[in-house]
Amino acid sequence: GYAEGHPPESILMEIKGYKFAQNKTFADCITGVVPSIISIAVAAATGPEDAPTGSIKNTQFLKKLKELLAADAWGHRLVNALIQEGHPEASEELQIIRAVEDAALSNASLYQLFRFILQICYDSELLTEDGILQWVEDSQDDEDDEEENERDTRRKVL
């Protein structure tokens, strides 16, 4: 939709149609939209000479992402509408962070920019400090659960 110049409201109508047809939540929709916005910024920051290596120009990427997520910009209007439709809750914010995290883990160039991507989302008011702190807390709980499962497995083996 972005490349063809479609307004975010048109894209939102399509997303809502798919959402209801697939019986998904708005948080699920955010999981698909955020990586797409990131990939638009990646495409803008990747020249033909970068294609074989998959590297991106960090400054160009961050500039494009900031443009897309600036207040009243294309990406911001789309993500913000999904947050508002989902009745702003921590789950939507956590989905934004998890979607950014997944994108960063799948691309080494994005991995080193993870903090900056979150900062752009925060500056664009798509994330709050509470949402980020909740994600940190959840991540620590997940790590604790993994460690406990490893200990249980070791005990069973021994």
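Basis of the calculations
Residue positions are given per chain, counting from 1 as you read along its sequence in written order. Local features in this predicted model are restricted to residues whose pLDDT is 70 or higher, and side-chain atom pairs enter the listing and the counts only when it is 80 or higher, whereas totals over whole chains, interfaces and linings include all residues. Calculated side-chain values reflect all of the structure's heavy atoms, with hydrogen atoms and water omitted. For Phe, Tyr and Trp, rings pair up if their centres lie within 6.5 Å, where Trp contributes its six-membered ring, and each pair is then called stacked (planes under 30 degrees apart), edge-to-face (over 60) or tilted (otherwise). Only runs of H or I of at least four residues qualify as helices and only runs of E of at least two qualify as strands under DSSP, and these elements are numbered from the N terminus. Accessibility here uses a 1.4 Å probe with only protein chains present; expressed as a share of the type maximum, an area under 20% marks a residue as buried, one over 50% as exposed, and anything in between as partly exposed. In this scheme, Lys NZ or Arg CZ marks a charge over a ring once it lies within 6 Å of the ring centre and within 35 degrees of the ring normal.

Novice: Hey, could you run me through the packing of aromatic side chains in this one?
Specialist: Aromatic ring pairs are defined here through the distance separating the ring centres and the angle between the ring planes. With the rule as written, the count across this model stands at two aromatic pairs. For the ring pair tyrosine 2 and tryptophan 74, a centre distance of 5.1 Å and an interplane angle of 70° mean the geometry is edge-to-face. Within this pair, whereas tyrosine 2 is found in the segment before α1 (8-22), its partner tryptophan 74 is found in helix α4 (residues 74-85), the two being separated by 72 residues in sequence. Arranged with centres 5.7 Å apart and planes meeting at 50°, the rings of phenylalanine 114 and tryptophan 135 form a pair that is tilted. One end of the pair, phenylalanine 114, is in helix α7 (residues 114-123); the other, tryptophan 135, is in helix α8 (residues 129-157), with 21 residues separating them in the sequence. For the residue pair phenylalanine 114 and tryptophan 135, the accessibility class agrees, reading buried in each case. Over the ring of phenylalanine 26 we find lysine 19, and its NZ or CZ is 4.8 Å from the ring centre.

Purely spatial values, then, with no claim about function.
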